[in-house]
Amino acid sequence: MKYDIAAFDFDGTLADTMPWFNSILNTVADKYNFRQIDAAEREQLRSRDAMEILKYLNIPLWKLPAIMTHVRTLMQDIDPSVQLFDGIPDALARLKASGLRLAVVSSNSVENVQRVLGEETAALFDDYECGTDLFGKAAKIDRLLKQHGTAPERFLLVGDEMRDIDAARKAGVRVGSVAWGYNHPDALRGRGPDELFLTVEDLPNALA
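Residues numbered from 1 in each chain as written. Predicted model: local features only at pLDDT ≥ 70, side-chain atom pairs only at ≥ 80, totals over all residues. Heavy atoms only, no water.

## Quick word on the pairing of strand β5 (residues 174-178)
We apply this condition: Throughout, exposure labels follow a simple rule: accessible area from a 1.4 Å probe, protein chains only, divided by the maximum for the residue type, with under 20% read as buried, over 50% as exposed, and the rest as partly exposed. Runs of H or I in DSSP of at least four residues are treated as helices and runs of E of at least two as strands, each being numbered from the N terminus. A strand pair is defined by DSSP finding two or more bridges across the two strands. When the strands point away from the viewer and the path from the first strand over the helix to the second turns clockwise, the crossover is right-handed.
Among the five residues that make up β5, four are buried, leaving the element largely enclosed by the rest of the structure. Note: strand β4 (residues 155-159) against β5, four bridges, orientation parallel. The residue of β5 that forms the bridge with Leu-157 is Val-175. The β-α-β motif built from β4, the intervening helix α9 (residues 162-171) and the parallel element β5 has right-handed crossover chirality. As paired elements, β5 and strand β6 (residues 195-197) share three bridges and run parallel to each other.

## Quick look at the nonpolar core
To be explicit about the condition: To qualify as a nonpolar core, a set must consist of buried Ala, Val, Leu, Ile, Met, Phe, Trp, Tyr and Cys residues joined through side-chain atoms within 4.5 Å. Domain start and stop points were drawn from an automatic or database domain assignment. In this description, contact between two residues means that some pair of their heavy atoms is separated by no more than 4.5 Å.
If you look at the biggest cluster of nonpolar residues, it comprises 51 residues, and the most contacted ones within it are Phe-8, Phe-10, Leu-14, Phe-34 and Leu-102. It is helix α1 (residues 18-32) that contributes the most residues to this core, six residues altogether. For this core, the domains that each give at least three residues are domain 1 (3-14 + 83-205) and domain 2 (16-75). Contact partners of Phe-8, with chain neighbours within four places excluded, come to Thr-13, Leu-14, Leu-92, Leu-95, Leu-102, Ala-103, Val-104, Val-105, Phe-125, Val-158 and Leu-203. Counting residues in hydrophobic clusters, the runner-up holds 18 residues, among them Ile-5, Ala-138, Phe-155 and Ile-165.

## Concerning helix α3 (residues 50-57)
Threshold: The arc under discussion is defined with respect to the helix axis, by the directions toward the C-beta atoms. Nitrogen and oxygen atoms within 3.5 Å of one another constitute a polar contact, given that in protein one can donate a hydrogen and the other can accept it, and given that sequence-neighbouring residues count only through two side-chain atoms.
The set of residues buried in α3 consists of Ala-50, Ile-53, Leu-54, Tyr-56 and Leu-57. For α3, the angular spread of the buried residues around the axis is 160 degrees, confining them to a single face. The elements touched by buried residues of α3 are α2 (39-45), α4 (64-75) and α9. Where α3 begins, the capping side chain belongs to Asp-49, and its oxygen is found 3.3 Å from the backbone nitrogen of Met-51. One or two steps after α3, the chain reaches Asn-58, where phi turns positive at roughly 65 degrees.

Written out as structure tokens, the structure reads:
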């Protein structure tokens with residue numbers, strides 16, 4: 001195998017949380033006094049990185065921790081129709097069976113992540129680094145590297161956003177981008193990930 005550890009982002013990578021997030025966004029915008037957007041604007045923003053989106057929405061960085069805490073709290077009552085993307089449990093099981101160590105690195109809470117994963121799929125993961133701020137993944141990756149003595153080139157971060165690519169580059173590890181999440185595939189390609197997964201099936205086919 002090319003990698004010893006595959007660390008997965010949660011929202012938009014493992015779980016299809018974007019429809020739920022879109023449904024609450026303008027309510028959160030009203031509470032925290034940032035710009036409300038329509039469906040056309042949401043689609044347009046899929047080609048922008050996180051800092052550009054914050055600027056477009058008029059969200060100063062000092063407000064971000066409170067907004068993210070509020071969203072995580074709302075997610076405790078998330079619609080039960082929110083599910084993992086089709087094929088994710090099987091793909092993860094195949095990766096685990098191949099000997100790959102699995103981790104979750106997410107700004108969401110570990111409670112929310114494990115609830116949506118479900119008991120059986122959650123048990124496939126060896127490590128959970130959750131509850132980070134929006135730009136805190138690099139530090140979590142560093143901790144996993146040191147904890148397991150893993151060489152950076154043997155560590156793969158899998159995510160759906162350009163900020164995941166940036167976090168991996170900052171930590172010096174490899175990065176794979178999925179085409180079914182938040183950022184548009186063309187925007188992800190432009191950031192030059194080491195791996196690009198167009199379908200869920202590509203995950204075990206390429207990594208197991």
